[in-house]
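Each chain is listed here by its residues.
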Amino acid sequence: MAQNDRELDEIVRIARAAAAIVMDVYATPFTVEMKGPGDPVTRADRDANALICSALEAAFPGEAILAEESVPAADELAARFRQERVFFVDPLDGTREFADRNGEFAVMIGLSVRGRAALGVVVMPTTGEALAARVGEGDGGFAFLEARDGSRRPLRVSSVSAPADAALIVSRSHRPKELEPLIARLGITRVVPCGSVGVKIARIATAEVDLYIHGGGGAKLWDSCAPEAVLRGAGGRFTDLSGAPIDYAGPGLKLGRGIIASNGALQDAVVAAARSELG
């Protein structure tokens, strides 16, 4: 496991500082506002967003940043997508879970290089755990979990290869009905509800569960960049429903073609079933 990755270490530091802000708000009475239908936001989202963007700008001058709470206008968005390196920031993934105080939320910073997820950090503020990874060519990537005390251990996905034996993690608040036929086709019976895309993918990377399927809908690129890097660094795979890689080079922010994230051993079977079931 690579230990001397200054860029990754700096992003872990920034994400942990944002997580401290999130927990400061979590410990107080706070107001939940709505940016749109089903799209809550709190002071924790905005304050963590501001800290992360400021810290990234200081540490990596001139790099493009696309953050959930500070999306630029269309022309500037297109210009940032044209850069070779783009940071994708979700300052508080799982705002609904944050508001419900169930602990299932994360701070996420991902980096894409030439349109592909290359590095990711996912911090769980309530546990103090940070999952971090760099994606390499072939087996050149690595991923680790850093505990609250700073100790690190390598991350490795499970080896479950039969879909019927897999544990599927799904949204706690909005499990899409259109996925039910696919779940039945795969013979999956172990279904684990959980909030936050980042927390879901973290649980695959730590081998607690094996598979996540998202049908599309409201997810954006900042929901997937850091988790994808973590999962792939831990030996898993992350594609859209058709099996194609996620494109972080734009032109839009939405993940309209869904997600299949797995331990890798399950990916081909799940993609084939999704193509048959979902067209």
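It should be noted that the structure appears before, not after, this text.
As the structure is a computational prediction, the values presented were derived from the model and not from experiment.

Q: How should the overall build of the protein chain be read in this particular structure?
A: Assigned secondary structure in the protein chain consists of eight helices and 14 strands. In summary, the protein chain has a C-alpha radius of gyration of 17 Å against a globular reference of 19 Å for 279 residues, a match within 12%. Residues counted as buried form 54% of the 279 residues belonging to the protein chain. Contacts in the protein chain between residues far apart in sequence, at least 24 positions, make up 63% of those at least 6 positions apart. Total accessible area on the protein chain stands at roughly 11,700 Å², and carbon and sulfur atoms take up 49% of it.

Q: Looking at this model, I keep getting lost on the pairing of strand β1 (residues 33–36). Mind explaining?
A: Each regular strand carries side chains that alternate between the two faces of the sheet. When β1 meets strand β2 (residues 39–41), the two strands line up antiparallel, connected through three bridges. The residue of β2 that forms the bridge with G36 is D39. In textbook terms, the turn of a hairpin is the stretch between consecutive antiparallel strands, and for β1 and β2 this stretch comprises two residues, one of which, G38, has a positive phi near 65°.

Q: Please explain the packing of aromatic side chains as it appears in this structure.
A: For any pair of aromatic rings, the description rests on two quantities: the centre-to-centre distance and the angle between the ring planes. Taken as a whole and judged by the stated rule, the model has eight aromatic pairs. Between F81 and F88, the ring centres sit 6.4 Å apart and the planes meet at 40°, which makes this aromatic pair tilted. Take F88: its relative accessible area is 1%, and that puts it in the buried class. Three or more aromatic residues joined by ring pairs form one cluster here, namely Y26, F30, F98 and F105. In this arrangement the basic side chain of R101 is found over the ring face of Y26, its NZ or CZ atom lying 5.5 Å from the centre.

Q: Explain the packing of helix α6 (residues 197–205) against helix α7 (residues 221–233) to me, please; I cannot follow it from the model alone.
A: Between two packed helices, what matters for the description is the angle formed by their axes and the separation of those axes. Between α6 and α7, whose axes approach to 9 Å, the crossing angle comes to 5°. Judged on the interaxial angle alone, α7 and α6 are roughly parallel. Contact with α6, carried on its side by V197, G198, I201, I204 and A205, involves D223, P227, V230 and L231 of α7 and no other residues of that element.

Q: Help me understand the environment of V113 in this model?
A: Here V113 shows up in strand β5 (residues 106–113). Residues V113 and A234 lie 121 residues apart in sequence; the distance between their C-alpha atoms is 19 Å.

Q: Got a minute to help me understand the sheet that holds strand β10 (residues 167–171) in this structure?
A: Each strand in a sheet pairs with its neighbour through backbone hydrogen bonds, running either in the same direction (parallel) or in the opposite one (antiparallel). Overall, mixed pairing links the five strands, which are arranged β11-β10-β12-β14-β13 in an open sheet. In this open sheet, the two strands that pair with only one neighbour each are β11 (190–194) and β13 (237–239). Sheet twist, expressed as the average angle between the axes of neighbouring strands with direction ignored, equals 20°. Relative to strand β12 (residues 211–214), β10 runs parallel, the two sharing two bridges. Bridged to L168 within β12 is L211. Taken strand by strand, α6 contacts β10, β11, β12, β13 and β14 (259–262), and its axis lies near 150° from that of β12. Across the sheet, α7 touches β13 and β14, and the angle it forms with β13 is around 145°.

Q: When you look at the nonpolar core in this model, what are you seeing that I'm missing?
A: What tends to happen in soluble globular proteins is that the nonpolar side chains get buried as a cluster. Among the nonpolar cores identified, the biggest contains 45 residues, and F88, L131, L155, I201, Y212 and A261 are the most heavily contacted of them. Ranked by the residues each element gives to this core, the list is headed by α7, at seven residues. Residues contacting L155, with those up to four places away along its chain left out, are L131, A143, F144, L145, A205, T206, V230 and A234. Core analysis: the second largest hydrophobic core is formed by 37 residues, A55, V113, A118 and F144 among them.

Conventions used here
- Residues numbered from 1 in each chain as written.
- Predicted model: local features only at pLDDT ≥ 70, side-chain atom pairs only at ≥ 80, totals over all residues.
- Heavy atoms only, no water.
- Helix = DSSP H or I, 4+ residues; strand = E, 2+ residues; numbered from the N terminus.
- Rg over C-alpha atoms; globule rule 2.2 N^0.38 Å.
- Buried < 20%, exposed > 50% of the residue type's maximum accessible area, 1.4 Å probe, protein only.
- Contact = heavy atoms within 4.5 Å.
- Areas by Shrake-Rupley, 256 points an atom, 1.4 Å probe, with all protein chains shown as cover.
- Pairing = 2+ DSSP bridges.
- Phe/Tyr/Trp six-rings, centres within 6.5 Å; stacked < 30°, edge-to-face > 60°.
- Lys NZ or Arg CZ within 6 Å of the ring centre and 35° of its normal.
- Axes fitted to C-alpha atoms, helices over the stretch in contact; angles between N-to-C directions.
- Parallel < 35°, antiparallel > 145°, perpendicular 65-115°, else oblique.
- Core = buried A, V, L, I, M, F, W, Y, C linked by side-chain atoms within 4.5 Å.

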